[in-house]
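# Geometric and topological summary
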Amino acid sequence: MRPDVWSAELEELLVRIGHRFGRVDLRRRMRAYVHGLLGPVGRKNSWQLAEYAGHHAPAGLQHLLSRARWSPDEVRDDLQEYVAEKLGDTAGVLIIDDTGFIKKGTVSAGVQRQYSGTAGRTENCQIGVFAAYASSKGRALVDRELYLPKSWTCDPDRCAEAKVPDGRAFATKGDLAKAVIMRALASPLPIAWVTADSAYGQEWRLRRMLEEVGVGYVLAVPKSQHVHAIGRIDFAIAQAPEDAWERHSCGAGAKGPRVYDWAAARLPAIDDFDGDEPTHDRWVLARRSLARPDEIAYYLAYAPAGTGTAELVRIAGTRWAIEEAFQAAKNECGLDQYEVRRYPGWYRHITLAMLAHAFLAAMAAAAEAERGAAESVQAISPRSRWRKSGDSWQLAAPR
């Protein structure tokens, strides 16, 4: 994509959120910060971003993240509207997952020794619960919540020092996920499905919430998951005949299509009816590794009547999009390179980094659409007719 188009699109986005920053100096600092997050900066903290912007010191950008008056939640709302316009699709999928941010010390809001899936072990870290939006056009992070362990919410003085808002009570990661999902469903994002790993899929309240609003889901669950009327899910899948397994790709991976054997079965009818016909079905789904058949992943699904196995497999495979979004946002937009310690600063940096990543996703989608349009024009352009006349060729006018 041409640099002038890139610059014009970024300017449009920054103007779009500019009204959230009430003063001219704040708008300038916000612009410098986002430009830095998108720029060739080694480590995207306030010091290096200030140097990239030509500032003599980082105080202005630090003020933007700490004491300045603006709402990151309002910018998040603008971000969701932007992603809906650039990447929105009626078959869009909302993906829930958490990621860890390794930190030193004990004063960063929410930090403690806890398991981080990012690191694959227990670390001194902060945990953020995120939502990503994925469609055929691309994927982008669209919401975030900072997890506060009980070691924080039971210590009012510690929370006050980190500027945690009064009344911020303990909430499980599942509670945070439900809040994020409900906000996304109330946003302009067109969402047909929700998917998540087993840490969230095992939450029956989350599943029931989605069923009550009529949104489909394909959620991973642990092998010990109890399913009404059939018992443990792994025992039920173990009884599946071999011809119940079908080979499907659940999307492209780094080494090509991710192909597994899948088994799916509808559960007994539920109480969602339109006349005599159910509007939705509940499913159990299992994914079996080709190379290691004893490695089986399990899912519960809720889908509009008539949905086939291939579509459930596609939604299950979409979950990896949030991992790719985390990696891109961290590597390209400094999602994890902040040095703020207080609660408001975390939300402000994370939201602006998400905004920068959404811009990159929108630009990638526009470039892909541009390439597709060029290929279509080339494919349907009228062909001139070549004819041999003696020792030479003649061209007839194209049809």
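As shown above, the structure is provided for reference.
So, here's what we can say about the structure. Keep in mind that this is a model prediction, so the values were computed, not measured.

About the criteria used
Residues numbered from 1 in each chain as written. Predicted model: local features only at pLDDT ≥ 70, side-chain atom pairs only at ≥ 80, totals over all residues. Heavy atoms only, no water. Helix = DSSP H or I, 4+ residues; strand = E, 2+ residues; numbered from the N terminus. Buried < 20%, exposed > 50% of the residue type's maximum accessible area, 1.4 Å probe, protein only. Contact = heavy atoms within 4.5 Å. Areas by Shrake-Rupley, 256 points an atom, 1.4 Å probe, with all protein chains shown as cover. Lys, Arg positive; Asp, Glu negative; His and termini not counted. Charge placed at Lys NZ, Arg CZ, Asp CG, Glu CD. Salt bridge = Lys/Arg side-chain N within 4 Å of Asp/Glu carboxyl O. Polar contact = N/O pair within 3.5 Å; in protein donor to acceptor, adjacent residues only side chain to side chain. 1 Å grid on protein atoms, 1.4 Å probe; cavity = no way out; pocket = protein on both sides within 12 Å on 5 of 7 lines; lining within 4 Å. Points joined across faces, edges and corners; volume = space filled by probe spheres on them. Nonpolar A, V, L, I, M, F, W, Y, C, P; charged D, E, K, R; others polar. Phe/Tyr/Trp six-rings, centres within 6.5 Å; stacked < 30°, edge-to-face > 60°. Lys NZ or Arg CZ within 6 Å of the ring centre and 35° of its normal.

This paragraph deals with the overall build of the chain. A count of helices and strands for the chain gives 14 helices and 16 strands. When its C-alpha atoms are laid out on the principal axes, the chain stretches across 80 × 75 × 45 Å. Buried positions account for 49% of the 399 residues belonging to the chain. In the chain, once contacts between residues fewer than 6 apart in sequence are set aside, the share between residues at least 24 apart is 62%. Accessible surface, the chain: about 20,000 Å² in total, of which carbon and sulfur atoms supply 50%. With 53 positive and 50 negative side-chain charges, the chain shows a spacing of 6 Å between the two charge centroids.

Moving on: the side chain of Lys103. By the element assignment, Lys103 lies in the loop between β1 (93-102) and β2 (112-116). Here Lys103 is buried and forms no salt bridge, its nearest opposite-charge partner Glu339 lying at an N-O distance of 7.5 Å. A polar atom in the side chain of Lys103 sits 2.9 Å from the backbone oxygen of Tyr338. Here Lys103 is in contact with Ser108, Val111, Asn124, Cys125, Gln126 and Tyr338, once residues within four sequence places are set aside.

What follows deals with the layout of surface pockets. A volume near 420 Å³ is recorded for the largest pocket. Lining the largest pocket we find 17 residues, and of these Gln62, Ser66, Val340, Arg341 and Arg342 sit closest to its centre. Looking at the lining of the largest pocket, the elements that each hand over two or more residues are α3 (46-53), α4 (59-66) and α14 (343-380). Looking at the lining of the largest pocket residue by residue, the class counts come to 6 nonpolar, 5 polar and 6 charged.

Note on aromatic pairs: each is described by the distance of the centres and the angle between the planes. Applying the stated criterion across every chain, the model contains 13 aromatic pairs. Clustering of aromatic rings is evident, with ring pairs tying together Phe101, Phe130, Phe326, Tyr338, Tyr343, Trp346 and Tyr347. Cation over ring: Lys103 sits above Tyr338, and NZ or CZ is 3.8 Å from the ring centre.

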